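What follows is each chain in one-letter form.
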Amino acid sequence: MNHNKIFNAIAREYGWFFNKQVRLYTELLEKFDFFSKIDKDKKILDAGCGTGALAYVLASHGYHVTALDASSKMIEVAKKKVKSKKINFIVGDIFDMPFEDHSFDVILTSYVVHGFKKDQRNQLYMQLAKKAKEKVLIIDFSNKRRWYIDLIERLEGSDYLNFIQYGLDEMKQLFSKVECHKLLTYTNIYEIKTSSLIK
C-alpha cells in the first residue's frame, strides 16, 4: 500500500477536519500537561504532520515546531491552513528524516504509526528515538474500537487492528521506559524515553 499516494489524493478532504483535530489535540495535550511539562524553548518535531493541526496547536502555545510529512499535497494544505512563523513545514520521509541524530528535544507523531506493518513500526520507533534527545510521544488509537474507524483503516490498508493489540508491547521490547497515557476514550499517548533503548 502506497501511503504517500493515498494521502496526496485525499489531502484536500483531510483538511476539512482541521478544526476538529485542533480541538482534539488541544484537549489531549492539556490532559497530558504538555504545556506545563515541556518548556517553550524545547526543539519540537511533528513527524507525519498531515495538514498541520498538531503543529498549529503547539505553535499557538508558543513552541517553535518543525513539521514534516512525506505528502507534498498535505504540506500544501497545511501551509494554507496555518500561517505561523513558529512552524517550519518540510516535505520528507519519516523513515529517512533529513535531520542529524538528537536534533530535537521532543518528537510527536499523531495517528501515523498504526498505518504500518510491525517491521516498519519497529523501524519507525527506532528512527524517531534516534532523532529525539528526551522523548517520543506517539499519539494514536487506544484499543477501544469504532466500526467506522475499522472500515476507514481497512480501506486505507493500515495495520490498525494489530497496532491497537500489540503496539505497546512492541515499544516495550525496544525501550525499558514506555508509558501508555489513556487520556481520551479512543486515543492514547504512548511516551517513550529515548535514553531507555534496550541494547
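Residues numbered from 1 in each chain as written. Predicted model: local features only at pLDDT ≥ 70, side-chain atom pairs only at ≥ 80, totals over all residues. Heavy atoms only, no water.

### Comments concerning the pattern of salt bridges
Inference 1: Tallied over the entire structure, the rule returns seven salt bridges.
Inference 2: We note a salt bridge from R145 to D150, for which the minimum N-O separation is 2.6 Å.
Inference 3: D150 gets classed as buried once you look at its relative accessible area, which sits at 19%.
Inference 4: One continuous salt-bridge network, built from bridges that share partners, spans K117, R121, D159 and E170. (Salt bridge = Lys/Arg side-chain N within 4 Å of Asp/Glu carboxyl O. Buried < 20%, exposed > 50% of the residue type's maximum accessible area, 1.4 Å probe, protein only.)

### Some details on the pairing of strand β7 (residues 187-193)
Inference 1: Counting buried positions along β7 yields six of seven residues, so the element is predominantly enclosed.
Inference 2: Judged from the seven bridges that link them, strand β5 (residues 132-141) and β7 form a sheet pairing that is antiparallel. In the strand pairing of β7, D140 is matched with N188.
Inference 3: Relative to β7, strand β6 (residues 178-184) runs antiparallel, the two being bridged by six bridges. (Helix = DSSP H or I, 4+ residues; strand = E, 2+ residues; numbered from the N terminus. Pairing = 2+ DSSP bridges.)

### What about the sheet that holds strand β3 (residues 87-91)?
Inference 1: In space, the seven strands of this open sheet follow the order β3-β2-β1-β4-β5-β7-β6, with mixed pairing throughout. The open sheet has two edge strands, β3 and β6, and neither has a second partner. Each neighbouring strand pair of the sheet contributes to a mean axis angle of 20°, computed without reference to strand direction.
Inference 2: Here helix α5 (residues 72-81) sits on the sheet in contact with β2 (65-69) and β3, set at roughly 160° to β3. (Axes fitted to C-alpha atoms, helices over the stretch in contact; angles between N-to-C directions. Contact = heavy atoms within 4.5 Å.)

### Here we look at the pairing of strand β4 (residues 104-110)
Inference 1: Burial runs high along β4: seven of the seven residues are buried.
Inference 2: Inspection of the sheet shows strand β1 (residues 44-47) paired to β4 by three bridges, in the parallel sense. Residue pairing in the sheet places L45 in a bridge with I107 of β4.
Inference 3: The pairing of β4 with β5 spans six bridges and is parallel. Within β5, the residue paired with V106 across the bridge is K135.
Inference 4: Regarding the hand of the β-α-β motif, the stretch spanning β4, helix α6 (residues 118-131) and β5 is right-handed. (Right-handed = clockwise from strand over helix to strand, strands pointing away.)

### Observations regarding a nonpolar patch on the surface
Inference 1: On the surface, W147, Y148, L151, I152 and L155 cluster together to form a nonpolar patch covering roughly 580 Å² of accessible area.
Inference 2: Within the fold, Y148 resides in helix α7 (residues 147-156). (Patch = residues over 30% accessible without salt bridge, like charges linked within 9 Å, V, L, I, M, F, W, Y side chains within 5 Å. Areas by Shrake-Rupley, 256 points an atom, 1.4 Å probe, with all protein chains shown as cover.)

That is the geometry; function is a separate question.
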